[in-house]
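Here is what each chain is made of, one letter per residue.
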Amino acid sequence: MPQNIQKIMSRFSSISLDEMNSVALMKRTDTKFVINRKQLVSILHSIEQEYRVLEINTDRVMSYSSLYFDTVDNKFYNDHHNGKNNRTKIRQRKYVESNLCFLEIKQKNGKGETNKTRIPVKDFELNLSKSSEAFIAETTNEDFNLEPSLWNGFNRITLVNLKSKERVTIDLNLSFKINETEKNYNDLVVVEVKQERFNRNSAIVKALKSLRQHPYSISKYCIGMISLYNDVKYNVFKKKLIKINNITA
């Protein structure tokens, strides 16, 4: 992690995990932006009085590791690629500093709302346990035949607005892996603003707009899939890949 980002984060007031639970926003609107790591520095400078940063055991930049699941014919990926409004993502995510692991299901509806449900699991399950399979079936009302499709790792800064019900996640050092194939996007930053409904007057949205950055729909899962798999349909995402490559050039 670059020293200048660490230094800026040290100036933010902190918030604990317990305090942050009051802004859990499990049902929410997510708005994403993609920027270069250098742009992040000026944005953090401009908003440091407006947000608190999540701190766990003195850590303010957390490590996350995720294992995504999909069907043999990549239904979840294809649903996203084909623009299906009601779609699902299923993953296991480990919050490394907290040593917690969850099976998480994200369901998006036609109104742009994301509903996330999760249960704790002991660790990553390359073969889903019976209890995990039962949770997935109960939550989705579907009987999927799932297998691991993608590993994803990144560092995350989590901000909580001092005045309104808003959280912001800032993901850096993205890496993707399946089997022995790996792809890293070290200069790409994905900013996700999580609100009950999109508010353009948010401090970070204003800071992004001042740098001519506008909401940009992107999925880490889909980017990882098209970066590592040669046999998936990706024409809809081609422009996104070009944009990412331009940002990180």
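### Considering the overall build of the protein chain
So, point 1. Of the regular secondary structure elements, the protein chain holds 8 helices and 11 strands.
So, point 2. For the protein chain, whose C-alpha radius of gyration is 18 Å, the value lies close to the compact-globule estimate of 18 Å for 249 residues.
So, point 3. Expressed as lengths along the three principal axes of its C-alpha atoms, the size of the protein chain is roughly 45 × 40 × 35 Å.
So, point 4. Within the span of the protein chain, comprising 249 residues, buried residues form 51% of the whole.
So, point 5. Taking all contacts inside the protein chain whose residues are at least 6 apart in sequence as the whole, residues at least 24 apart take part in 69%.
So, point 6. For the protein chain, the separation between the mean place of its 41 positive charges and that of its 28 negative charges on side chains is 8 Å.

### Things to note about empty space enclosed by the protein
So, point 1. Throughout the structure, instances matching the rule amount to 1 cavity of 30 Å³ or more.
So, point 2. In this model, the largest cavity occupies a volume close to 40 Å³.
So, point 3. Surrounding the largest cavity, L174, F176, Y185, L188, V190, I218, S219, K220, I223 and I244 form its lining.
So, point 4. Elements represented by at least two residues in the lining of the largest cavity include exactly β9 (166-178), β11 (188-195) and α7 (220-228).
So, point 5. By residue class, the composition of the lining of the largest cavity is 8 nonpolar, 1 polar and 1 charged.

### Concerning the layout of surface pockets
So, point 1. Approximately 1000 Å³ is the volume found for the largest pocket.
So, point 2. Taken together, 49 residues make up the lining of the largest pocket; nearest its centre are R28, R91, K106, K116 and K194.
So, point 3. The element best represented in the lining of the largest pocket is strand β5 (residues 87-95), accounting for 6 residues.
So, point 4. Grouping the amino acids of the lining of the largest pocket by side-chain chemistry returns 18 nonpolar, 14 polar and 17 charged.
So, point 5. A volume near 190 Å³ is recorded for the second largest pocket.
So, point 6. Lining the second largest pocket are 14 residues, and of these L128, E133, F144, N145 and L146 sit closest to its centre.

### Observations regarding unusual backbone geometry
So, point 1. Of note in this structure, N179 is not a glycine but carries a positive phi near 55°.
So, point 2. You can see N179 is positioned in the loop between β9 and β10 (181-185).
So, point 3. At R212, a residue that is not glycine, the phi angle is positive and equals roughly 60°.
So, point 4. One can find R212 in the loop between α6 (203-210) and α7.

### Details of the packing of aromatic side chains
Each aromatic ring pair is characterised by the separation of its centres together with the angle its planes make.
So, point 1. Counting across every chain of the model gives 8 aromatic pairs.
So, point 2. Ring centres 4.7 Å apart and planes at 25° place the aromatic pair Y68 and Y221 in the stacked group. Here Y68, found in strand β4 (residues 62-71), pairs with Y221, found in helix α7; they are 153 residues apart in sequence, far enough to count as distant. You'll find Y68 and Y221 in the same group, each marked buried.
So, point 3. Both rings, one in Y77 and one in F237, keep their centres 5.8 Å apart while their planes meet at 65°; by these two values the pair is edge-to-face. Placement of Y77 in helix α4 (residues 75-81) and of F237 in the loop between α7 and α8 (238-248) is noted, with a sequence separation of 160 residues between them. Assigned by exposure class, Y77 and F237 land together as buried.
So, point 4. Positioned above the aromatic ring of F102, the side-chain terminus of R118 is 3.9 Å from the ring centre.
So, point 5. Between the NZ or CZ atom of K183 and the centre of the ring of Y185, over which it lies, the distance is 5.2 Å.

Procedures and definitions
Residues numbered from 1 in each chain as written. Predicted model: local features only at pLDDT ≥ 70, side-chain atom pairs only at ≥ 80, totals over all residues. Heavy atoms only, no water. Helix = DSSP H or I, 4+ residues; strand = E, 2+ residues; numbered from the N terminus. Rg over C-alpha atoms; globule rule 2.2 N^0.38 Å. Buried < 20%, exposed > 50% of the residue type's maximum accessible area, 1.4 Å probe, protein only. Contact = heavy atoms within 4.5 Å. Lys, Arg positive; Asp, Glu negative; His and termini not counted. Charge placed at Lys NZ, Arg CZ, Asp CG, Glu CD. 1 Å grid on protein atoms, 1.4 Å probe; cavity = no way out; pocket = protein on both sides within 12 Å on 5 of 7 lines; lining within 4 Å. Points joined across faces, edges and corners; volume = space filled by probe spheres on them. Nonpolar A, V, L, I, M, F, W, Y, C, P; charged D, E, K, R; others polar. Phe/Tyr/Trp six-rings, centres within 6.5 Å; stacked < 30°, edge-to-face > 60°. Lys NZ or Arg CZ within 6 Å of the ring centre and 35° of its normal.

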